[in-house]
Amino acid sequence: MSELAVTLLRVGYLVLLWAFVFSALAVLRRDLYANTKVTPRGRGRRTPTPAPAPRSDTPINAPFPAAPPKATPAAAPAVPVRQSITRPPTRLVVTSGNLTGTSVPLSRSAIVIGRSQSCTLVLDDDFASSRHARLFPDGDGWRVEDLGSTNGTTLDNKPLHEPAGAAAGSVIRIGRTTLELRR
């Protein structure tokens with residue numbers, strides 16, 4: 001083989017090697033920064049969105065309600081109103097982690113928690129999976145389900161292997177983030 005052919009093979013091999021290195025770096029960059037939204041203020045750091053203010057049926061500048069009418073002796077006895085002993089939670093609060101203080105109102109739809117931008121609650125936690133856990137309504141209560149995460153989910157310091165019921169005061173731990181269901 002001539003010296004020119006050997007030199008061309010060496011150069012071709014070197015070009016192929018560098019093309020492989022650059023394509024591997026491009027794939028790594030795309031995977032690392034696919035879910036990061038760069039903002040001028042935070043330089044890529046996500047900021048928690050404030051919880052919406054609770055709605056009220058009464059306008060802010062409404063006058064005080066009138067005093068309830070006094071019962072007359074001839075009135076029928078009042079029927080006690082049935083109240084639930086345990087009310088279901090109305091919000092999910094981040095108690096520790098990067099989003100401490102963030103509150104998500106619980107409605108009749110499921111909440112998906114994870115690092116992916118498609119999740120309802122996006123965690124900035126290296127130990128959370130892209131779709132880590134799901135909190136969903138079940139009758140009058142709520143259930144928590146681990147979505148096959150790498151590091152697992154705990155409910156009240158017990159690992160979840162199947163969907164489990166969660167009441168007000170229950171603590172959910174995902175990676176370094178702790179969430180609590182509150183009324």
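A. Local environment of the overall build of the chain. Scanning the chain for helices and strands turns up one helix and eleven strands. Each helix and strand of the chain, placed in order from N terminus to C terminus, yields the pattern α-β-β-β-β-β-β-β-β-β-β-β. Roughly 14100 Å² of accessible area belongs to the chain as shown, and the carbon and sulfur atoms make up 58% of that amount.

B. Layout of the side chain of S129. Among the secondary structure elements, S129 is positioned in the loop between β4 (121–122) and β5 (133–138). Polar contacts involving the side chain of S129 include one to the main-chain amide nitrogen of T150, which spans 3.2 Å. Not counting the four nearest positions on each side in its chain, S129 is found in contact with G114, R115, S149 and T150.

C. Quick look at the pattern of salt bridges. In this structure the tally under the stated criterion is three salt bridges. Here R143 ties to D138 by a salt bridge, and the two come within 3.8 Å at their closest N and O atoms. On the basis of relative accessible area, D138 is assigned to the partly exposed category, the value being 40%. One salt bridge connects R182 with E180, and the closest N-O pair in it is separated by 3.4 Å.

D. Structural context of unusual backbone geometry. At D156, a residue that is not glycine, the phi angle is positive and equals roughly 55 degrees. Taking the relative accessible area as the measure of exposure, D156 reaches 38% and is therefore partly exposed. In this structure, N157 takes a positive phi of about 65 degrees despite not being glycine. Take N157: it is sitting in the loop between β7 (153–155) and β8 (158–159). Exposure remark for N157: the relative accessible area of 72% places this residue in the exposed category.

E. Structural context of a nonpolar patch on the surface. A contiguous nonpolar patch, built from Y13, L14, L17, W18, F20, V21, F22, L25 and L28 and spanning about 980 Å² of accessible area, is present on the exposed surface. Secondary-structure assignment places V21 in helix α1 (residues 3–33). The exposure class assigned to V21 is partly exposed, which follows from its relative accessible area of 32%.

F. Looking closely at the sheet that holds strand β9 (residues 164–166). With mixed pairing, five strands are arranged side by side in an open sheet as β4-β3-β5-β6-β9. Looking at strand neighbours, the two that pair on one side only are β4 and β9, the edges of this open sheet. Where strand β6 (residues 141–146) meets β9, three bridges bridge the pair, whose relative direction is antiparallel. Following the sheet pairing, V144 is matched in β9 by A164.

G. Region of interest: the sheet that holds strand β10 (residues 171–174). Sheet architecture is open: six strands sit in the order β2-β1-β11-β10-β7-β8, paired in antiparallel fashion. Sheet topology places β2 (103–105) and β8 at the edges, where each strand pairs with a single neighbour. Both β10 and strand β11 (residues 177–182) contribute to a ladder of four bridges, which runs antiparallel. Bridging across to β11, I172 finds its partner in L179.

H. Representation of the packing of aromatic side chains. Under the criterion given, the structure shown has one aromatic pair. Both rings, one in W18 and one in F22, keep their centres 5.8 Å apart while their planes meet at 35 degrees; by these two values the pair is tilted. Of this pair, W18 and F22 are both found in helix α1, four residues apart, which corresponds to roughly one turn of the helix. The exposure class assigned to W18 is partly exposed, which follows from its relative accessible area of 47%. Look at F22 and you get exposed, because its relative accessible area is 53%. Stacked on the ring of F136, the Lys or Arg R134 has its end atom at 4.1 Å from the ring centre.

About the cut-offs
- Residues numbered from 1 in each chain as written.
- Predicted model: local features only at pLDDT ≥ 70, side-chain atom pairs only at ≥ 80, totals over all residues.
- Heavy atoms only, no water.
- Helix = DSSP H or I, 4+ residues; strand = E, 2+ residues; numbered from the N terminus.
- Areas by Shrake-Rupley, 256 points an atom, 1.4 Å probe, with all protein chains shown as cover.
- Polar contact = N/O pair within 3.5 Å; in protein donor to acceptor, adjacent residues only side chain to side chain.
- Contact = heavy atoms within 4.5 Å.
- Salt bridge = Lys/Arg side-chain N within 4 Å of Asp/Glu carboxyl O.
- Buried < 20%, exposed > 50% of the residue type's maximum accessible area, 1.4 Å probe, protein only.
- Patch = residues over 30% accessible without salt bridge, like charges linked within 9 Å, V, L, I, M, F, W, Y side chains within 5 Å.
- Pairing = 2+ DSSP bridges.
- Phe/Tyr/Trp six-rings, centres within 6.5 Å; stacked < 30°, edge-to-face > 60°.
- Lys NZ or Arg CZ within 6 Å of the ring centre and 35° of its normal.

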